Amino acid sequence: MRRRAGPLDFWILLPCVLLLGTGLIMIFSASALTSSYSFGDPYYFLKRQLAWAAIGLCGLFFAAQFDYLHLRRLAVPFLGLALILLVLVLIAGTEARGSARWLGVGSLSFQPSETIKLAMVIFLAASLAHNRQHLNSLIQGIGPYLALMAMVCLLILAQPDLGTAVAVAGTTYLMLTVAGADKRYLALLAVLGMAAVALAIVIAPYRMARFTAFLDPWADPRGNGWQTIQSLLAIGSGGLFGTGLGEGRQKLYYLPENHTDFIFAILSEELGFIGGATVVILFLILVWRGFRTAFKAPDAFGSLLAAGLTIMLALQALINMGVVTGMLPVTGITLPLVSYGGSSLIFSLLGIGILLNISRYARH
């Protein structure tokens, strides 16, 4: 039977647009002074984010019209391309702040780790939908997925980027859970995953320093604890209603990465608890409608794909907010749709576009 597409889910599109608009406003507020000093243009970061937002929105509306079932045939080639890019970035990547995570030159560069996140979700959804009957087996079932996850995470860790590796591993684990993998193997995987994260922290001195600073940032307030302390000061200074848009002080060279990884701290300082809570609520609405789409999808592939896209978005937001509020060690995960960054924004919008397309065929 020919499927009939319905309207887009307004409650997916609305929070997406509101979060994107909030991000653009806060990026300008957080970066205007420093970009004016560094580049002679207070709109330097805003103009770039606007360009990426325009590209991302085009991708969103294209994906919203592109029947998601066609993605099953593209899953393997897309994953292969993403893996090649992950290897290539280790060979010819552009290094910044001690990590080689970018391919390209200047503003034309992008992060292959953002490509692999979307590629993994599409591949896992297609493969798990086809092989659900084997998920009670370790060798024929979840074993190959674990091997793929380990390979991808090792390539990401080599950049190095522990935060993205954790996000990919967490999404894979939760997608296996949603698909119905054996609980015994999932429990074992959870233990092994925590051990792997602990090992990754212990063997890298800078990660160990970050973890120690997470436990007690005031033990080294001018060193590894600086960023967490300044973030908490920004959030605490905001109070209920904030200092006012553009009136924050922590962005004045006190809080590093204030328009990227720590933009939620600046937002909470200037817009207060009300502003921060509103952003959290918008993400909760987006996650709720994403899982609703997964539950009501007409086929297993659409259901797993919607769940995977929602899980990835939720995990990134959760990790970022956890870092900013001092509940997790500092790691380089941006806040989806809000933080400055072209690769993250474009692939986040593309993923939401796919989610919107699935919602058009969801059962009502």
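Here goes a summary of the coordinates provided. As a convention, each chain's residues are numbered from 1 in the sequence order in which they are written. Only residues with pLDDT of 70 or above have their local features reported here, since the model is predicted, and side-chain atom pairs are shown and tallied only from 80 upward, although totals for entire chains, interfaces and linings are computed over all residues. Here the side-chain values reflect all heavy atoms present in the structure, with hydrogen atoms and water set aside.

**A look at the packing of helix α9 (residues 226-238) against helix α10 (residues 263-296)**
An axis is simply a line fitted to the C-alpha atoms; with a helix, the fit covers only the stretch in contact. Between two such axes, the angle follows the N-to-C directions and lies from 0 to 180 degrees. Numbering of helices and strands starts at the N terminus; helices are DSSP runs of H or I of at least 4 residues and strands are runs of E of at least 2. Packing of α9 against α10 leaves a shortest axis separation of 6 Å and a crossing angle of 20°. Put simply, α9 runs roughly parallel to α10. Read as a crossing pair, α9 and α10 show a hand that is left-handed. Facing S231, A234, I235, S237 and G238 of α9, the residues of α10 in contact are A265, S268, E269 and G272. For this classification, the nonpolar set comprises Ala, Val, Leu, Ile, Met, Phe, Trp, Tyr, Cys and Pro, the charged set comprises Asp, Glu, Lys and Arg, and every other residue, Gly included, is treated as polar. Looking at the contact of α9 with α10, its residues break down into three nonpolar, five polar and one charged. Angles below 35 degrees are treated as roughly parallel, those above 145 as roughly antiparallel, those between 65 and 115 as roughly perpendicular, and all remaining angles as oblique. Crossings are assigned a handedness: left-handed for a near helix turned anticlockwise from the far helix by less than a right angle, right-handed for a clockwise turn. Two residues qualify as a contact provided that any one of their heavy atoms is within 4.5 Å of a heavy atom in the partner residue.

**Digging into helix α5 (residues 138-157)**
The sharpest bend along α5 measures roughly 25° and falls at P144. Burial classes: relative accessible area under 20% of the type maximum marks a residue as buried, over 50% as exposed, and values in between as partly exposed (1.4 Å probe, protein chains only). Within α5 the residues assigned to the buried category are G141, I142, Y145, L148, M149, V152, C153, L155 and I156. Buried positions along α5 lie against α3 (71-92), α4 (112-130), α6 (162-179) and α7 (183-203). Bend at a given residue is defined as the angle between two axes, one fitted to the seven residues that end at that position and one fitted to the seven that begin there.

**Looking at the environment of T243**
In this structure, T243 sits in the loop between α9 and α10. Taking C-alpha positions, T243 is 6.3 Å from E269, a pair spaced 26 residues apart along the chain. Ignoring any residue separated from it by four or fewer positions in sequence, one finds T243 in contact with S237, G238, G248, E269 and E270.

**Comments concerning empty space enclosed by the protein**
Both cavities and pockets are sets of points on a 1 Å grid over the protein atoms alone; in a cavity a 1.4 Å probe fits but cannot get out, in a pocket the set is open with protein on both sides within 12 Å along at least five of seven lines, and lining residues sit with an atom within 4 Å of a point. Grid points are joined across faces, edges and corners, and a volume is the space filled by probe spheres set on the points. Within the structure shown, the criterion is met by two cavities of 30 Å³ or more. Of the pockets and cavities examined, the largest cavity occupies roughly 220 Å³. Lining the largest cavity are 16 residues, and of these L309, M312, F347, S348 and G351 lie nearest its centre. The set of elements that each furnish at least two residues to the lining of the largest cavity consists of α4, α11 (300-324) and α12 (342-360). Ranked by the residues each element gives to the lining of the largest cavity, the list is headed by α12, at six residues. Taken together, the residues of the lining of the largest cavity sort by class into nine nonpolar, five polar and two charged. Of the voids in this model, the second largest cavity is the one considered here, and its volume is about 30 Å³. As for the second largest cavity, its lining consists of R210, A213, F214, N224, T228 and V330. Tallied by class, residues from the lining of the second largest cavity come to three nonpolar, two polar and one charged.

**Looking at the nonpolar core**
The nonpolar side chains of a soluble globular protein tend to be buried with one another. Counting 93 residues, the largest nonpolar core has I116, L128, V152, L305 and I354 as the members making the most contacts within it. In this view, L128 contacts L135, Y145, M175, L176, A179 and L304; residues no more than four positions away in its chain are not counted. We define a nonpolar core as any set of buried Ala, Val, Leu, Ile, Met, Phe, Trp, Tyr and Cys residues linked to one another through side-chain atoms lying within 4.5 Å.

**Here's the deal with the layout of surface pockets**
It is a probe the size of a water molecule, rolled over the atoms, that shows where empty space is left. If you add up the space inside the second largest pocket, you get close to 400 Å³. Secondary-structure elements contributing two or more residues to the lining of the second largest pocket are α10 and α11.

**Digging into the packing of aromatic side chains**
Geometry of aromatic contacts follows a simple scheme: Phe, Tyr and Trp rings, the Trp one being its six-membered ring, pair when their centres are within 6.5 Å, and the pair is stacked under 30 degrees between planes, edge-to-face over 60, tilted otherwise. Taken as a whole and judged by the stated rule, the model has twelve aromatic pairs. For the ring pair Y37 and Y253, a centre distance of 6.4 Å and an interplane angle of 85° mean the geometry is edge-to-face. Of this pair, Y37 sits in helix α1 (residues 10-39) while Y253 sits in the loop between α9 and α10; the two residues are 216 residues apart in sequence, bridging distant segments of the chain. Of the residues examined, Y253 reaches a relative accessible area of 54% and is grouped as exposed. Among the aromatic residues, those joined into a cluster by ring pairs are F39, Y44, F45, W52 and Y340. To sit over a ring, a charge needs its Lys NZ or Arg CZ within 6 Å of the ring centre and within 35 degrees of the ring normal. Its end group placed over the ring of Y44, R48 keeps NZ or CZ at 3.7 Å from the ring centre. If you follow R184 out to its NZ or CZ, it ends over the ring of Y185, 5.6 Å from the centre.

**Some words on a nonpolar patch on the surface**
Here a patch means residues that are over 30% exposed by relative accessible area and free of salt bridges, tied together within 9 Å if like-charged and within 5 Å if nonpolar (Val, Leu, Ile, Met, Phe, Trp, Tyr). Surface accessibility follows the Shrake-Rupley procedure with a 1.4 Å probe radius. Residue values consider only the protein chains on display as shielding. By definition here, a salt bridge exists when the distance from a side-chain nitrogen of Lys or Arg to a carboxyl oxygen of Asp or Glu is within 4 Å. A cluster of nonpolar side chains, V87, L88, L90 and I91, forms an exposed patch at the surface whose accessible area comes to about 350 Å². As for its position among the elements, V87 is in helix α3.

**Overview of α3**
Each residue after the first adds 1.5 Å to the expected span of a helix. Spanning 22 residues, α3 covers 29 Å between terminal C-alpha atoms, matching the ideal 32 Å at 1.5 Å per step. Maximum bend of α3: about 30°, positioned at P77. Within α3 the residues assigned to the buried category are L71, A75, L79, A82, L83, L85, L86 and V89.

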